Amino acid sequence: MQGNLACVQGAIYAGLQFYAGYPITPSTEVAEGCARELPKLGGRFIQMEDEIASMAAIVGASVSGLKSMTATSGPGYSLMQENIGYAYMTETPCVVVNVQRGGPSTGLPTKISQSDTMQARWGTHGDYTAIAVAPSTVGDTLTETIRAFNLAERFRTPVTVLLDEVIGHQRELISLPQPGEFQVHNRTKPTVKPEEFEPFAAATRGVSPMPAYREGYRYNVTGLTHDSMGFATADTNEITNKLDKLRNKIMDYKSEITLLRTAMMDDADIAFVSYGTVSRAALLAVALAREAGVKVGCVQLYTVWPFPVDELRDYCSRCSKIIVPELNMGQLVHEVRRNLPPDTEIHGLQRYDGEILTPMQLLKKLEEVM
Amino acid sequence: MATAEKPKAVQQKSDVILEYLRPKKKFPSVWCAGCGNGVVMSAIIRAIDKLGLSKDNVAMVSGIGCTSRMPVYLDFNSLHTTHGRALAFATGVKHAQPKMKVIVITGDGDALAIGGNHFIHACRRNIDITTILINNSIYGMTGGQGSPTTPGGAFSTTTPYGNAENNFDPCDLAIAAGASYVGRGTVYHAPQLEKTIMQAIEHNGFSLVEAISNCHTYYGRLNRRGDAVAMIKWYKERSVTTAKAAKMSPDELDGKYVIGTLRHDKEATEFCDQYQRLVDAQQGGN
C-alpha cells in the first residue's frame, strides 16, 4: 500500500468522518482515497475551491461534531496557515497532513523535502504551541495518523502529520489493524447544564469538554482572543490566561505526546537524530557502521513538535557527538543545538536538491566527524 | 425607561428581539448609533421567530468586519471566523450537519473581495446556506476604505480622488454563479427585508439576501450623503420593487435598487441532498 493511502486507512480507523481538500502533488492520493472511502462509511468528502477553504471547512465540520482532516503540500500548506491559526485559537480538533515537497513557492512538486519542519511549528502568526507527528514508513503512517487524531481530540488542537513525498508515494507491505488493536480517543462531551458550561476553560487536564452542534450548548466560537465563555476580551488577565492555556494544555502533558524510537543507543558515542524518510537511511548507516565497530546509534523523532527536549537529552547523555541529517538547509539541527548541553558537538548534514540522503552519505559524514 | 411608557405594539416587538439576544454578552454592540446593521439583525430575528426555528438548530457563521460581529450577540451556535472565509466554514458546518439551518452574515468587503472565490463556489454548489450580505459599499471596521461595491467615482479613504474601479452587483453575481434564491432589500424597507429573509431561509438551496444598508459614519461623510436618516431616505427614494422594475427601461433603472425576489428556483438540486443520495447508494452496496 502507498503511504498516502495508509494515511487514509489510519484516519478512518481513528474515526474520520469529514474530509475537505484541494488537489496538490504529492498529497492528492489522500483526497482521492477519502473521496472513495468516506461515502461507503456514511462520512462526508468535499473538494473545496482552494486550501484556505479546505482548512475552513474541516474546522466548521469539527465544531459541528465530526472528526475532520485535510491533506496538502507546499503552497497549499502555506495557504492553510491562517485558518490553522484559527483552529489553534478556537481549540478545534483536526488533523492536517503535509506531504512535504521542495520549496519555496512552487518549488519541487514531485521531489522530497523536509523544509516545512519549522513551518509546522511556526507557520501561522502569533503565539501558540504546535503538535506535529512524523512517520518514517508506510506502516508508521497508518499508526501515526491514528495518533494524530487521538492527540487532536484529547488536546482540542490541530495536529500536523509531517509526511514527505517519498513516504507518501512509496509502496510497502503493511497489515491493517483489527478493531480494538489501537486505542481511539474521542473528545469528551460536557455533562453540566448549558448555562453552566464554559467552553474554553482549562476544566479537565488542560481542556474543556466540547459539545457538537444541536446538543443544546449554543456557545460562541471566535478567532478573537476570548475569555473562558468564548467572548472577545480586552482584559489583560483574560488575554494572558488564554495564551497561557494554549501552551500549558500541551506542555503540561508533553509526556502523553512525545514519541521517539532509538536504535543502538545504549553504548553509543555518536548519534544520528532525524525523522521521516531520513531516519531510515540513518538506521541502515548505523547497522553498517556497527559492523565496522563504530559505536553509533540512532534517535528517530516520531513527535517532532513539541520538540522532545528531555527525552533527547536523556538518550544522548553519553554521546559526545550528534549528527542531524535532514532534507533542508538546516532546521532541525538548530533545535537540537539549542537543547543539548553546550559541550556536545552538533553536526548538520543537509541535502536540499530534491533527492534523499543515502546511508552512504551519512556514513561519509560519520567518518568526517569521528 | 419604564416599559409602561412604550406603546404596546413596540413593547411586544422588543420582547421578540430580547428573546434571541445572548444574555451573557456585553452590550452595547460595536456598531455606531444609527447603523443599518441593527435593522437587518432585527429583520433576521423576526424572520427566524416567525419560522419557528429551534435555536439549537441554527448555526450563524460570519467572517470579519462590522457586520460579521452580529452572530456574537445572538443566542445561536455562533461561529465568528476569519476574514472572507465564512462561507467556507459554513460549508463544513452544513455538510457535517445537513439538518441544521446555516445562516452566514457577511459584508460587501468580506463576501466579495477577500471572500469572492468562496462566494461564487457556494453559489455554484447550491449548498443550502442562507447568506445575508449587508452592503454598505465601504469597509467600516477598518475606517472607510473602498470595497468591491463602492460605486465608480465614489469617495473612500483609499479612493480619495474618486473610485477608479467598477463595482460588483452581488445579486447579479450570485445569479450568474448558480444561486437558486436571490433577493434584495434595504434598511428602509424592513418588513419587506424580513419577508425576503424568511423566503431565503425556507428555500432549500443556496440563498442570498442583499441588504442595502447605511454607513453614514464613513460612506455618508466621505460622499456627503448626510446622517443615517438622510441615507435611509436615499434608499427609500431610489428603490423600486421587482414588479415596477419589470415595466422600466434600463435607463430608468440606472441608479435604482430593485428590491424583492430576483430569483427563486425551487427545482435546483441541493448539494447536501445530492451527496446523501450518493452515500445511500454506496451504503446500499451499489
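In this text the structure is predicted, and so the values were computed from the model without any measurement.

1. Some points on the overall build of chain A
The number of helices and strands found in chain A is twelve helices and 14 strands. Taken over C-alpha atoms, the radius of gyration comes to 21 Å for chain A, in line with the 21 Å a tight globule of 370 residues would show. In chain A, the share of contacts with a sequence separation of at least 24, taken over all contacts with a separation of at least 6, comes to 76%.

2. Comments concerning the interface of chain B and chain A
If you look at the interface, chain B gives 34 residues, while chain A gives 35 residues. Elements that contribute at least two residues to the side of chain B that touches chain A include exactly strand S2 (77-80), helix H4 (86-96), helix H6 (116-125) and helix H13 (271-283) of chain B. A per-element tally of the side of chain B that touches chain A places H4 of chain B first, with eight residues. Split into classes, the residues belonging to the side of chain B that touches chain A amount to 13 nonpolar, 15 polar and six charged. One ladder, built from three bridges, connects strand S8 (residues 220-222) of chain A with S2 of chain B; its direction is parallel. Directly across from Asn-220 of chain A, in S2 of chain B, lies its bridge partner Ser-78 of chain B.

3. Details of unusual backbone geometry
Residue and element names in this part refer to chain A. That bond from Thr-25 to Pro-26 is cis: its omega, 5 degrees, falls within 30 degrees of zero. Mapping Pro-26 onto the fold places it in the loop between strand S1 (18-21) and helix H2 (28-37). The linkage connecting Trp-305 with the following residue, Pro-306, adopts the cis geometry, with an omega of -5 degrees. Positive phi, close to 55 degrees, is recorded for Ser-105, a residue that is not glycine.

4. Focus on the domain arrangement of chain A
Residues and elements named next belong to chain A. Under the domain assignment used here, chain A contains domain 1 (3-169) and domain 2 (261-369). With centres defined by C-alpha atoms, the gap from domain 1 to domain 2 works out at 27 Å. Taken together, the contacts link 23 residues of domain 1 with 21 residues of domain 2. For the side of domain 1 that touches domain 2, the secondary-structure elements that each account for two or more residues are strand S5 (108-112), helix H5 (119-122), strand S6 (131-133), strand S7 (158-164) and helix H7 (165-169). When the residues that make up the side of domain 1 that touches domain 2 are grouped by side-chain class, the tally is twelve nonpolar, seven polar and four charged.

5. Focus on helix H7 (residues 170-177) of chain B
All names here are of chain B. Within the sequence span of H7, burial applies to Pro-170, Cys-171, Leu-173 and Ala-174. Around the axis of H7, the buried residues are gathered within 160 degrees of arc, so they sit on the same side. In this structure, H7 carries Asp-172 and Ala-176 as exposed residues pointing more than 90 degrees from its buried face. As for H7, its buried residues are in contact with helix H5 (108-114), H6, strand S4 (129-135), strand S5 (181-186), strand S6 (207-212) and strand S8 (257-264). Gly-178 sits one or two positions beyond H7 and adopts a positive phi of about 110 degrees.

6. With respect to the pairing of S6 of chain B
Regular strands place side chains that alternate from one sheet face to the opposite one. Residue and element names in this part refer to chain B. Among the six residues in S6, six count as buried, and that is most of the element. By the alternation rule, side chains of S6 split into Ser-207, Val-209 and Ala-211 and Leu-208, Glu-210 and Ile-212, which are all buried. Pairing analysis gives six bridges linking S4 to S6, with the strands arranged parallel. Note on S6: the bridge partner recorded for Asn-135 is Ile-212. Inspection of the sheet shows S5 paired to S6 by six bridges, in the parallel sense. Bridge pairing links Gly-183 to Val-209 in S6. For the segment spanning S5, helix H8 (residues 190-202) and S6, crossover handedness is right-handed.

7. Remarks on the nonpolar core
Buried together is how nonpolar side chains tend to be arranged in soluble globular proteins. In terms of nonpolar packing, the biggest core is built from 176 residues, with Val-95 and Ala-271 of chain A touching the most fellow members. Counting contributing residues, this core receives three or more from each of domain 1 (3-169) and domain 2 (261-369) of chain A. The contact partners of Ala-271 of chain A, leaving out residues within four places of it in the chain, are Met-265, Val-296, Gly-297, Cys-298, Val-299, Cys-316, Cys-319 and Ile-322 of chain A. In this structure, Ile-138, Tyr-139, Cys-215 and Tyr-218 of chain B belong to the second largest nonpolar core, which totals five residues.

8. Here's the deal with the pairing of S1 of chain A
Residues and elements named next belong to chain A. Across the two faces of S1 the burial is the same, with Phe-18 and Ala-20 and Tyr-19 and Gly-21 all buried. Of the strand pairs in this sheet, S1 and strand S3 (residues 68-72) are connected by two bridges, and their pairing is parallel. Across the sheet, Phe-18 pairs through a bridge with Ser-68, a residue of S3. The sheet contact formed by S1 and strand S2 (residues 44-47) spans four bridges and is parallel. Bridge pairing in S2 links Tyr-19 to Phe-45.

So, how was this worked out
- Residues numbered from 1 in each chain as written.
- Chains lettered and ligands numbered in written order.
- Predicted model: local features only at pLDDT ≥ 70, side-chain atom pairs only at ≥ 80, totals over all residues.
- Helix = DSSP H or I, 4+ residues; strand = E, 2+ residues; numbered from the N terminus.
- Rg over C-alpha atoms; globule rule 2.2 N^0.38 Å.
- Contact = placed C-beta atoms within 7 Å.
- Nonpolar A, V, L, I, M, F, W, Y, C, P; charged D, E, K, R; others polar.
- Pairing = 2+ DSSP bridges.
- Domains from an automatic or database assignment.
- Buried ≥ 20, exposed ≤ 12 C-beta atoms within 10 Å, placed from the backbone.
- Arc of directions from axis to C-beta.
- Right-handed = clockwise from strand over helix to strand, strands pointing away.
- Core = buried A, V, L, I, M, F, W, Y, C linked by C-beta atoms within 7 Å.

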